[in-house]
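Next come the chains, spelled out residue by residue.
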Amino acid sequence: MYAYLKALHIIFIVTWFAGMFYIVRLFIYNAEANDKTEPEKSILQKQFGIMIRRLWLGITWPSAILTLILGPWVMLNGNWDKMLGDEAGRWLLIKLCFVVLLYIYHFSLHVIYRIWNEVATIFLVAIVMLATVKSNLSWLWGVMALIAFIILLMSGIKIYKAIRTPKN
């Protein structure tokens, strides 16, 4: 039973992340449609609106809710809750802090579009690294690597934007 719960939990984590990655892209495409002329603008915004609603309400929210239900269930069935107070369980406490921040990010997507575009990637890297490397991860090197990853990611976004934006 535990293996099935864990598999379902991972599946819904993946679909939740996929939804968060893609929803922001759809927000941006929808906003960029404002620069188009009619009737293209109306057609695109109508289609993006449908896609946004279906993705957000049909995939992303249900995945977030099922992740939240299955996570504690997996933790209890795997006896992970017993190690939360131990030194060996600190990685799980840190991971759970990142998960809380991820849910805050999820809720913020209702309000903020462009600024948060790649934040889900940062949370994904931090959570997966903590869950796989656990207590073998050095704090100093882990934080430095995460900061380096953020700098590389943001630099890549700026380079991509510079290449994508036509020069006048």
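Keep in mind that this is a model prediction, so the values were computed, not measured. (Residues numbered from 1 in each chain as written. Predicted model: local features only at pLDDT ≥ 70, side-chain atom pairs only at ≥ 80, totals over all residues. Heavy atoms only, no water.)

As a further point, take the overall build of the chain. The helix and strand tally for the chain stands at five helices and zero strands. The C-alpha extent of the chain, read off along each of the three principal axes, is 60 × 35 × 25 Å. Burial analysis of the chain (168 residues in total) assigns 30% to the buried set. In the chain, the share of contacts with a sequence separation of at least 24, taken over all contacts with a separation of at least 6, comes to 76%. (Helix = DSSP H or I, 4+ residues; strand = E, 2+ residues; numbered from the N terminus. Buried < 20%, exposed > 50% of the residue type's maximum accessible area, 1.4 Å probe, protein only. Contact = heavy atoms within 4.5 Å.)

As a further point, take a nonpolar patch on the surface. On the surface, a nonpolar cluster with roughly 500 Å² of combined accessible area is contributed by M1, I65, L66, I69 and W73. Looking at the secondary structure, you find I65 in helix α2 (residues 40-77). In this structure I65 comes out as partly exposed when scored by relative accessible area, which is 44%. (Patch = residues over 30% accessible without salt bridge, like charges linked within 9 Å, V, L, I, M, F, W, Y side chains within 5 Å. Areas by Shrake-Rupley, 256 points an atom, 1.4 Å probe, with all protein chains shown as cover. Salt bridge = Lys/Arg side-chain N within 4 Å of Asp/Glu carboxyl O.)

Let us now look at the confidence of the model for the chain. For the chain, mean pLDDT is 85; residues scoring 70 or higher make up 91% of the total. Per-element mean pLDDT across the chain ranges from 78 in helix α4 (residues 119-133) up to 93 in α2. (pLDDT = per-residue confidence, 0-100.)

Right, let's talk about unusual backbone geometry for a bit. The peptide bond linking E38 to P39 adopts the cis configuration, its omega dihedral lying at 5°. By the element assignment, P39 lies in the loop between α1 (2-32) and α2. Of note in the backbone geometry, N79 takes a positive phi value of approximately 60° without being a glycine. Judged by its relative accessible area of 44%, N79 is partly exposed.

This part takes up the environment of M129. Assignment of secondary structure puts M129 in helix α4. On the basis of relative accessible area, M129 is assigned to the partly exposed category, the value being 40%. It is 12 Å that separates the C-alpha atoms of M129 and W141, two residues lying 12 residues apart in sequence.

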